[in-house]
Amino acid sequence: MEHLPVFLNLGDRDAVVVGGTAAAAAKARLVLAAGGRVRLIAVDLDAAFDEIHGHIRFIHLARPFRAGDAQGATVLFAATGQDGEDRIAVQAARAAGVPANAVDRPALSDFIMPAIVDRGAVTVAISSAGTAPVLARAIRRRIEALLPARLDALARFAARFRGNVGRVVADGPARRRLWEQVFEGPVGDAVLRGDEREAHAGMMALLNARSSASFPANDAGGGSVALVGAGPGDPDLLTLKALHRLERADVIVHDRLVAPAILERARRDARRIDVGKLPGSQAMNQTAINELLVALARQGLRVVRLKGGDPFIFGRGGEELDHLRRHAIPVEAIPGITAAAGCAAAARLPLTQRGLASAVTFVTGHHAGLGSETGGLDWSALAQSGATLVVYMGRANAPAIATALIDGGLDPATPLAVVENGTRPDQRILAGRLDTLAEIVAAETIDGPALIVIGAVAALADTDALNDILAAAQRAAG
Ligand code: SAH
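The shown structure was predicted, so the numbers you read here are calculated from the model rather than taken from an experiment.

J.: Run through helix 11 (residues 317-326), naming residues and quoting values.
T.: Within helix 11 the residues assigned to the buried category are Gly317, Glu320, Leu321, His323 and Leu324. End-on view of helix 11: buried residues confined to an arc of 165°, all on one side of the axis. Residues of helix 11 that are exposed and point more than 90 degrees away from the buried face comprise Arg325 and Arg326. Buried-residue contacts for helix 11 involve strand 8 (224-229), helix 10 (286-298), strand 11 (302-307) and strand 12 (331-334). Just beyond helix 11, the residue with positive phi is Ala328, at close to 60°.

Written out as structure tokens, the structure is:
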């Protein structure tokens, strides 16, 4: 280690900032955020100071720096933008026994400023000892992505119970274990998903039942289910929240539609259960899946129910949610990028566009041709709507869908795009017209999930460019 990491208590103490640059404003802002007072010494101020200027703990001395200015300060920042002036300020600080930092000049500084991940009470500071600030910032971005936004709430929640815990549990391993149970267990989960009531109840149960081996925080024995949308396939399209839940999961119950690259992002030793249809074997039916989720949660496990796209768009998420609720299992729903949004972006095809389409409708092609009395859709109304139509699960019924729309009055020359394996490395985009849909589907072997986008905007799909780029990428990958 080249430096000693410390967190300075600036509460109501003075920091001297020398210089009126934007970098000086950034340091002043940090000091104020940490509860310190700022004495700024500079003749001219950058516009970046505008929002700081009225702060109650901010004083501006509009004059050049003098040797005595460092006296009594806790730290000094030199950010004049002039090497000579910064040196003078740093030397004056040293003479007064005040640690100094010259912005972007580690060699001149007594201490350096880390890259910071700020979650309120929880703060992560990263240093590369001044050698590679860009690397430190890259690491910070990764940690940013890793830490839940509500971490601050968790720290504050713990602070509220500190006194109680101290009275009930003796200092030492027992107390440490209790806190581990809080942070790593259902109580922490409840705080992170914003359920303070459940968290409070769980905490009281932990404190009351302290002598027994297990601490059921709810009827599910502390277990819970998160219905998580995995997005269309590209793992980078997972939400941060989905990633957090995957990292904490004990069990992942997933569909066939979820790409392996996404499952790789989950906690290594989480059990994976595939309830999707595998070639040649039977898929688990919905009733069995519902029961499985309840049974797993009742074992006290953190269950992630991982679904392609968004759980609530043709994902049967609503049925699972309902079943879990009726069995009093704590449930959380985490949205995912639905195939329509993913495929549209991948094909650079806007689903709405001024002058072309001012509405978009997601439909399932599953029931097409079966007639409206079987729960099907009113295809002629859809044909008349003028909305971009995005058809999920439409491949098998593609010819019937085209016929129904044309019969309903949609122009046979209406552009369409079929996106197969959207956002995945093997993505394909096939363009055509409504009256060629049946041919496209017959001529091309479409094995992967495919989405049909019908409407004027489909003409904007970036077919060639993308298919070429992807084909080249695949060749390069061997
Ligand atoms: N809940 C999912 C949809 C599940 S229905 C979501 O919100 O995306 C399954 C259908 O979604 C597939 O038949 C296909 O039409 C579509 N689909 C899912 N992923 C896709 C992908 N990567 N590319 C193209 N279509 C996809």
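J.: Could you give an account of the sheet that holds strand 17 (residues 450-454), naming the residues involved and the relevant values?
T.: Taken together, 5 strands build an open sheet; the order of strands is 13-14-17-15-16 and the sheet is mixed. Sheet topology places strand 13 (360-364) and strand 16 (428-433) at the edges, where each strand pairs with a single neighbour. Direction aside, the axes of adjacent strands within the sheet are offset by 20° on average. Taken together, the 5 bridges between strand 15 (residues 415-420) and strand 17 define a ladder with antiparallel strand orientation. Looking across to strand 17, one finds that Ala417 is bridged to Val453.

J.: Break down the environment of Gly194 for me, with residues and values.
T.: By the secondary structure assignment, Gly194 is in the loop between helix 6 (186-192) and helix 7 (196-208). Here the alpha-carbon distance between Gly194 and Asn9, two residues 185 residues apart in the chain, equals 30 Å.

J.: Help me get a handle on the site of the ligand, residues and values and all.
T.: Among the 19 residues in the neighbourhood of the ligand, the closest are listed as Ile313, Thr338, Ala339, Gly422 and Ala450. Contact between the ligand and Thr338: an oxygen atom at 2.6 Å from a side-chain N or O atom of the residue. Gly422 places a main-chain nitrogen or oxygen 2.8 Å from a nitrogen atom of the ligand. Secondary structure elements with two or more residues in the shell around the ligand: helix 12 (339-346) and strand 17. Considering only residue class, the shell around the ligand consists of 12 nonpolar, 5 polar and 2 charged. When residues of the shell around the ligand are assigned to domains, at least three map to each of domain 3 (224-337) and domain 4 (341-476).

J.: Before we move on, could you go through the domain arrangement of the protein and cite the residues and values that matter?
T.: The domains assigned to the protein are domain 1 (14-113), domain 2 (151-211), domain 3 (224-337) and domain 4 (341-476). For domain 1 and domain 3, the distance between their C-alpha centres works out to 51 Å.

Cut-off values and rules
- Residues numbered from 1 in each chain as written.
- Predicted model: local features only at pLDDT ≥ 70, side-chain atom pairs only at ≥ 80, totals over all residues.
- Heavy atoms only, no water.
- Buried < 20%, exposed > 50% of the residue type's maximum accessible area, 1.4 Å probe, protein only.
- Helix = DSSP H or I, 4+ residues; strand = E, 2+ residues; numbered from the N terminus.
- Arc of directions from axis to C-beta.
- Contact = heavy atoms within 4.5 Å.
- Pairing = 2+ DSSP bridges.
- Axes fitted to C-alpha atoms, helices over the stretch in contact; angles between N-to-C directions.
- Near = heavy atom within 4 Å.
- Polar contact = N/O pair within 3.5 Å; in protein donor to acceptor, adjacent residues only side chain to side chain.
- Nonpolar A, V, L, I, M, F, W, Y, C, P; charged D, E, K, R; others polar.
- Domains from an automatic or database assignment.

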